[in-house]
Structure formats: C-alpha cells, structure tokens
Amino acid sequence: MALVWLMVFLTSVSGLLQMEEDPNLLIKNLRMEPGERRLTWDLHGNVSEIMCFINSKLITKAIDNNRYCRFHVLPLCEVKNFTISLTKGPPFLMGIQYPLQEGNPGAAAQRLDCWVHDVDFLTCSWEVGREAPSDVQYRLYWQALREQECPHYETDDRGKHVRCRFNDVSRLPKQLQILVRGTSHGARIPCLDRSVELSEIERLSPPNITAMCNKSYSMMEWKASSHVNLRFEYQLQIQKGSDPAYTEKLQENFFQIHNPGNYMARLKVKGFFRNTWSEWSAPQYFVCDLGEGSQWPNWLLTTLVLLGTLLVPGLAVVLCGRYSVLQKLFPPIPHMKDPITDNLEGSKLVAWEASRASREDCPVAEVQVLGET
C-alpha cells in the first residue's frame, strides 16, 4: 500500500466537517460517541496497534481488537483535536475536532480556576469574557453522572457571577468536570470546562504541632486533615536556641529530638506524590529545660505574670462565692431552749431565808396509815 499521511476532519451527525476519504484506507468513518466516551472507527484489515491522542498528547491505546479508544472524560466546551495513528506499518494519522463550537468564544468565561481549601470547601473563580454582551450571566456546574449547580455565588461590581463555593467536599466525586455556562438574551455563549482531580487541586493547611518534652527528649506530633488526600509528606523546621535552623523531610506525623533545650518549630505539608506545598505554619516555641542555668523566654515570663494577675482576683471570687454557698447549704443551728431557765428570765426571784421560817408558816397535817385496802 502506498504511504498515506492523512489528516481528515470528519463529522458525525453532530455537524463536524467531513472530507472525502480514500477508499483504500484501513480505517474509515472516525467519529465520537459521547454517551460511551469513546472515539471509534470502521476497521478494514489488520493493524498491529492504534494509539489515540488529544491535542497531540498520547492518552490511551485502542481496545477490543483495535475498534475504539475510551476516555475517562470528554471535553464539554473547549474544542480539541482527537487523532489516531498506527505504531507499525506506513505512517498514518486521522483526526476530528470535538465538540462542535457554538457562539462567540470571546464571550465565554475565561481563566477558570478551582481549588480545595480549609479541608471542607471547593471554590472556583473565573473572569467575564472580553467580548461578552452586557446582559451575560454565568453559572457553574459540576458533572459526574449528572450536572449539579454550585449553590454559593459571589459577584463583581457589575453583578456578574465570578466565583462560587461548594461547602462539603466529602460529598463530591474525587474526579469531576467543572463547567461554566453563560446565558444572554441576544447571543449564544459558549461554555468553559475543566476536568479536575480534587486531590491535585487541594491547598492544604499546615497542622498544629503538639509536644511533650523534658531535658532529655521532646516528642512532637501533628495531624493533617483532608477529605481527598490520605498520605502526606512534611517539612519540619527546627531551631534550637540561637543555633541555625535546620529542616527534616518526613512522611510520619511525629518527630523526636534528643536534648532539645528550648526550641522553635514550624511545619508545612503536601499530598503524597503532589507538587504543591502548603504555607509554613506559625512558629511554635517549646520550653523543655527549666533547670537553674536555663533562662525562660520573655514571652513565657510575660504570659505567666499575666496569668498570675488574673488568677489572684479569680481565686478570691471563687472563695467568697464558696463561703456564701456553704452558708446557704449549712446555716447555723439555733440555741436549744431550756424549759426552766428560759421561762424564768422575766420573773423576780426571792432569796430563801431559813431563819424566818417557822412551823406556823407552813401548816402540816399528820397522816396515819392504817393498812392496805
């Protein structure tokens, strides 16, 4: 067979331009099947292997006896070149453009960017198209099996949507397609889309460090939080006293220092196999040597003084309140009343003088007991 070098822009029922084909070609009728997410063709003869490209980038190999290539996602808005070639035999190249362009590309949203942040949130931003009509409005959707609109928009000073936020990343698929659709009363607005893997676009927050230490050693621990990344890498920067700072690269979420003294530590994190590091955490200071020769840092002394100043009046308030509560719970027991002395408190007492007494003063009757009855 004569050498063939062919770039054919075909069209299926979707309306792409179709050019005349050579009747002797091994591969004919190149077309896209969006529902199956596959690029397929009619094969006439035997070929060794067929490779599939998007915008000249190798994506996958043909399957099912070289009948088609399947893609994980297809572009919904941006027009791309899909091509196939043979690994052996005469040079061969055939391609189509997909999807069909509609409307003025300058009116579509521009510079779509998305990122996961603060553990739970996905935010996307974009710019209004340079040639967009004055009444244009944009809406953002994510798509997996079906489209769902973003619920929380932000607008610019003209009232155009330019940012949107999803509040619960844990409910989203780990891989999804983001698209921004535009509407206008007088023009068709092309959409803008982007395929994202949430673990790749996450901007991690550096974790807080906790430590237990004494003169001999210090054990530091931390915990990174993420719904989309499960493994992490860390850079831990440590500075002991006035010594130069040094950095440890770690995959564990702990680190031990021997003879730590008093030191500063800070941390940054990234997802495993990812390229983007978080910002450094705020420096944290740890005092592990409180011996006679050690000096407490000024910030710690100031903190202790302020704490003591607050504790003294607080303790006084607590003690006073406690005494008042005890008085209410255990009131004093009243004095027991003496039935004799308490009744005579208001009476006049007369002294008994035995010399003045006589038998006449007290008449006596004599009684004689005769017997029992």
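You'll find the protein entered in an unreviewed UniProt entry as Interleukin-3 receptor subunit alpha, with Callorhinus ursinus given as the organism. Under the UniProt heading Subunit (unreviewed entry), the entry covering the protein gives this text: "Interacts with IL3. Heterodimer of an alpha and a beta subunit. The beta subunit is common to the IL3, IL5 and GM-CSF receptors."

## Topic: the pattern of salt bridges
What the rule picks out here adds up to 14 salt bridges. For Arg38, the salt bridge goes to Glu33, with nearest N and O atoms at 2.7 Å. Judged by relative accessible area, Glu33 falls into the partly exposed class, the value being 24%. Glu149 is paired through a salt bridge with Arg139; the nearest N and O atoms lie 3.0 Å apart. With Glu149 in strand E11 (residues 147-149) and Arg139 in strand E10 (residues 137-143), the pair connects residues that are ten residues apart, well separated along the chain. Since its relative accessible area comes to 35%, Glu149 is described here as partly exposed. Take Arg139: its relative accessible area is 37%, and that puts it in the partly exposed class. Connected through shared salt-bridge partners, Asp113, Arg194 and Arg203 make up one network.

## Examining the state of the cysteines
Under the criterion given, the structure shown has five disulfides. Between Cys77 and Cys191 runs a disulfide, and the two sulfur atoms are separated by 1.8 Å. As the torsion about the S-S bond is roughly -110 degrees, the Cys77-Cys191 disulfide counts as left-handed. With Cys77 in the loop between strand E5 (68-70) and strand E6 (80-86) and Cys191 in the loop between strand E14 (175-183) and strand E15 (192-197), the pair connects residues that are 114 residues apart, well separated along the chain. The disulfide partner of Cys150 is Cys164, and the S-S distance across this bridge is 2.0 Å. Taking the torsion about the sulfur-sulfur bond, which here is approximately -105 degrees, the covalent link between Cys150 and Cys164 counts as left-handed. Of the two residues, Cys150 is situated in the loop between E11 and strand E12 (152-155) and Cys164 in strand E13 (residues 161-166); the sequence distance between them amounts to 14 residues. Side by side, Cys150 and Cys164 carry an identical accessibility label, which is buried. Once the disulfide-bonded cysteines of the protein are ranked by sequence position, their pairing pattern turns out to be 1-2, 3-8, 4-5, 6-7, 9-10.

## A few points about the packing of aromatic side chains
Describing an aromatic ring pair means giving the distance of the ring centres and the angle of the ring planes. Going through the model one piece at a time under the given rule, you end up with six aromatic pairs. Aromatic pair Phe272 and Phe273: ring centres 4.3 Å apart, planes at 70 degrees, arrangement edge-to-face. The class for Phe272 is buried, based on a relative accessible area of 14%. The structure contains a cluster of three or more aromatic residues connected by ring pairs, namely Phe71, Phe82 and Tyr98. Between the NZ or CZ atom of Arg231 and the centre of the ring of Phe272, over which it lies, the distance is 3.8 Å. Stacked on the ring of Trp277, the Lys or Arg Lys270 has its end atom at 5.4 Å from the ring centre.

Thresholds applied
Position numbers for residues count from 1 along each chain, tracking the sequence in the order it is written. The predicted nature of this model means local features are confined to residues of pLDDT at least 70 and side-chain atom pairs, given and counted, to a pLDDT of 80 or more, with totals for whole chains, interfaces and linings taken over all residues. With hydrogens and water excluded, all non-hydrogen atoms of the structure serve as input to the side-chain values. UniProt positions are given in the numbering used here, feature names are shortened, and annotations may be inferred rather than shown by experiment. Salt bridges are counted wherever a side-chain nitrogen of Lys or Arg sits within 4 Å of a carboxyl oxygen of Asp or Glu. Whether a residue is buried, partly exposed or exposed follows from its accessible area with a 1.4 Å probe, protein chains only, as a fraction of its type maximum: under 20%, in between, or over 50%, in that order. Secondary structure elements follow DSSP: runs of H or I no shorter than four residues count as helices, runs of E no shorter than two count as strands, and numbering proceeds from the N terminus. Throughout, disulfides are identified as pairs of cysteine sulfur atoms within 2.5 Å of each other. Centres within 6.5 Å make a pair out of two Phe, Tyr or Trp rings, where for Trp the six-membered ring is used; the pair is then stacked when the planes are under 30 degrees apart, edge-to-face when over 60, and tilted otherwise. Criterion for a charge above a ring: Arg CZ or Lys NZ at most 6 Å from the ring centre, at most 35 degrees from the ring normal.

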